[in-house]
Structures are given as structure tokens and as C-alpha cells.
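The primary structure of each chain is shown beneath.
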Amino acid sequence: MTVSRALTIAGSDSGGGAGIQADLKTFTVLGVYGMSALTAVTAQNTLGVHGIYNLSLEAIAQQIDAVAVDLGVDAIKTGMLAQVPIIETVAMKIKEHQLPNLVVDPVMVAKGGAQLLENDSQQALIRHLLPLATVVTPNLPEAEVLTGRTIRTVEEMKEAARQIHSFGTRYVLVKGGHLEGDALDILYDGEQFAEFVSPRFETKHTHGTGCTFSAAITSELAKGAAVYEAVHTAKQFITCAIEDSLGLGQGHGPTNHWAYVRRHQQHI
Ligand SMILES: Nc1ncnc2c1ncn2[C@@H]1O[C@H](COP(=O)(O)OP(=O)(O)OP(=O)(O)O)[C@@H](O)[C@H]1O
Ligand SMILES: Cc1ncc(CO)c(N)n1
């Protein structure tokens with residue numbers, strides 16, 4: 001039996017809705033074998049981030065080495081990389097092992113407002129990681145930081161995508177989850193724009209939507225999908241996960257990682 005393999009290099013969310021936990025759940029329900037290299041441990045729940053403990057560079061590098069030299073990797077995603085040396089180490093290891101199909105989720109701030117990327121690290125993301133990426137998936141505030149522009153309209157999302165593409169990433173996906181109206185995301189490949197749209201659900205349970213979405217893209221790339229198809233499937237996955245969210249916790253609750261597969265199974 002051939003199995004597709006995906007690696008997430010990200011932080012742990014003890015609440016299970018974002019970070020490594022969201023990624024591994026998503027890989028599993030989409031039929032992909034999941035592996036992880038932790039960059040940080042957070043004490044976190046639906047109310048916020050209560051503690052951040054970054055791992056040593058040695059611990060991060062060793063985890064990537066261990067997975068790459070033995071199990072192999074078909075696609076990879078990065079999430080929380082809090083400091084410049086962590087970004088540099090991860091970029092170095094991705095190059096060294098020539099890990100394919102890199103999805104960069106440029107995580108900066110958690111839903112409750114806690115900063116997950118330290119100041120001055122944005123330039124390191126642009127310099128070291130974005131040139132290696134197949135897809136980068138900024139939300140609007142992240143796209144604003146990466147470009148230094150204010151983004152309020154679809155036209156401004158497109159301008160931001162053009163600018164981020166010039167940093168060397170092959171595909172830029174600017175997510176409109178933070179705008180009003182339909183939940184519209186824009187994919188840019190350097191020549192053309194594609195739009196992915198879903199209804200917006202009035203819910204506060206959107207903890208980890210960005211992690212889950214980028215993990216679903218990574219899963220589909222691991223299985224051999226082209227980028228457009230991977231984003232299309234992932235958009236359906238995250239839309240179902242938000243619509244059927246679990247209502248857990250007192251704050252921004254997690255999404256429902258089983259929802260897409262359950263609905264899909266009911267239709268076959
Ligand atoms: N209320 C909503 N209803 C429907 N879709 C949504 C909603 N909020 C976000 N989305 C969609 O979810 C996906 C993730 O986008 P979002 O902008 O929320 O990511 P994010 O801010 O990086 O998430 P997080 O930081 O919590 O991990 C996008 O496809 C976006 O359009
Ligand atoms: C560990 C971790 N990574 C990413 C996010 C962004 O949602 C979060 N809240 N926590």
C-alpha cells in the first residue's frame with residue numbers, strides 16, 4: 001500500500017484546535033500519514049495563550065532530520081516559528097533535505113490577540129522561507145504586515161498578492177476571513193488570479209481556521225494534487241469545519257475536523 005506523508009513544523013496548542021494538533025487531525029481525516037516537528041509548546045485554550053515555550057534550535061533541527069532521513073516527506077507545512085533563529089534553522093533544514101511542496105502559513109497573532117511571532121521576525125520569513133514556498137497563506141493582517149499596506153478591498157488583496165509573489169513564492173493565497181461579506185480567498189500564481197468563495201458563518205468558533213486550512217492544502221499536495229485543486233478541496237474542508245464547529249470552550253472554540261469527511265461519506 002502506498003501512503004502519502006505530510007510533515008508539520010509548528011507549535012503545539014494544548015487546546016487542540018490550532019497548531020500541530022489541528023494539522024495532524026486534518027492530515028489523518030484526509031487520509032495522509034502525519035508527522036511533526038514541534039517548534040514551541042503553548043499553554044493555550046479557547047480563551048487565549050497563557051504561556052509560550054520555544055524549543056531549542058537543536059531540538060527542532062533533530063526532529064526534522066529524524067523524519068526526513070527515515071520516513072520521507074511528500075509535502076510539508078510550517079506554522080508558528082516565533083523567532084529569527086528558528087526561521088533560519090527551519091529554512092536551512094528544508095533546503096538540506098530538499099523537502100518538496102512547502103506550504104508556509106505565516107502565523108503571527110492568535111485569535112485572542114497573543115503574538116506568536118516576535119517583532120522583527122517578519123523580514124526573516126520574507127528572506128529565508130518565502131522563496132522556498134510552493135504556497136504562502138497569509139490572512140489579511142499578515143498580508144498587511146508582509147506588504148506594509150492597508151488591505152480593505154478585493155483589489156487591495158490582489159495588489160498584496162502581487163507584492164508577496166515578488167518575494168519568490170510560487171503561489172500566494174490571501175485569505176479574506178477577516179473582511180466582511182462572503183469568505184473570499186484569492187490565489188495568485190504570478191499571472192492569473194483565482195477566487196475561492198464560501199458563505200460567511202456568523203460564529204465565534206474560528207480558532208485554528210488558518211492552521212486547518214493550510215494543513216488541508218498540504219494534505220492534498222502530499223496526495224499529488226495540483227495547487228489549484230488542493231486549495232479547492234481545502235476550501236470545502238474548512239467551510240464544513242467552520243459550519244459544523246463543535247461549540248467547545250468559553251472563547252473562540254475549535255472547528256470540526258471530521259465534518260468534511262462525514263458529509264462526503266454521506267454522499268457516496
Ligand atoms: N466566519 C467564517 N465563515 C466562513 N469561512 C470563514 C470564516 N472565517 C474564516 N473563513 C475562511 O477560513 C479560512 C481561514 O481563513 P482565516 O482568515 O480565518 O485564517 P486565519 O486568520 O489565519 O486563522 P487562525 O489565525 O485562527 O488560524 C479562509 O478560507 C477563510 O475565508
Ligand atoms: C500553536 C499555535 N499555532 C498557530 C496558531 C494560530 O491560530 C495558534 N493559535 N497556536
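- An unreviewed UniProt entry lists the protein chain under the name Hydroxymethylpyrimidine/phosphomethylpyrimidine kinase, with Tumebacillus algifaecis as the source organism.
- In UniProt, the protein chain has this text filed under Sequence similarities (unreviewed entry): "Belongs to the ThiD family."

**Focus on the site of ligand 1**
Link 1 in the chain: Around ligand 1 sit 20 residues, and of these Lys-111, Asn-139, Lys-175, His-178 and Asp-185 come closest.
Link 2 in the chain: Here an oxygen atom of ligand 1 and a side-chain polar atom of Asn-139 are 2.8 Å apart.
Link 3 in the chain: Within the backbone of Phe-201, an N or O atom sits 3.0 Å from a nitrogen atom of ligand 1.
Link 4 in the chain: Within the complex, 94% of the 630 Å² of free accessible area of ligand 1 lies under protein.
Link 5 in the chain: Elements supplying a minimum of two residues to the shell around ligand 1: strand 8 (183–188), helix 7 (209–222) and helix 8 (227–243).
Link 6 in the chain: Taken together, the residues that form the shell around ligand 1 break down as seven nonpolar, eight polar and five charged.

**Points about the site of ligand 2**
Link 1 in the chain: The environment of ligand 2 is made up of Gly-11, Ser-12, Ala-18, Gly-19, Gln-44, Met-80, Val-107, Ala-110, Leu-116 and Cys-211.
Link 2 in the chain: In the model, a nitrogen atom of ligand 2 is placed 2.8 Å from a nitrogen or oxygen of the Gln-44 side chain.
Link 3 in the chain: Relative to its free-state accessible area of 290 Å², ligand 2 is covered by the protein chains to the extent of 93%.

**Focus on the pattern of salt bridges**
Link 1 in the chain: Applying the stated rule across the entire model yields 12 salt bridges.
Link 2 in the chain: As a salt-bridge pair, Asp-74 and Arg-5 come within 2.9 Å of each other at their nearest N and O atoms. Of the two residues, Asp-74 is situated in the loop between helix 2 (57–70) and strand 4 (75–78) and Arg-5 in strand 1 (residues 5–13); the sequence distance between them amounts to 69 residues.
Link 3 in the chain: The exposure class assigned to Arg-5 is partly exposed, which follows from its relative accessible area of 25%.

Criteria and cut-off values
Residues numbered from 1 in each chain as written. Chains lettered and ligands numbered in written order. Predicted model: local features only at pLDDT ≥ 70, side-chain atom pairs only at ≥ 80, totals over all residues. Heavy atoms only, no water. UniProt positions renumbered as here; feature names shortened; annotations may be inferred. Near = heavy atom within 4 Å. Polar contact = N/O pair within 3.5 Å; in protein donor to acceptor, adjacent residues only side chain to side chain. Areas by Shrake-Rupley, 256 points an atom, 1.4 Å probe, with all protein chains shown as cover. Helix = DSSP H or I, 4+ residues; strand = E, 2+ residues; numbered from the N terminus. Nonpolar A, V, L, I, M, F, W, Y, C, P; charged D, E, K, R; others polar. Salt bridge = Lys/Arg side-chain N within 4 Å of Asp/Glu carboxyl O. Buried < 20%, exposed > 50% of the residue type's maximum accessible area, 1.4 Å probe, protein only.

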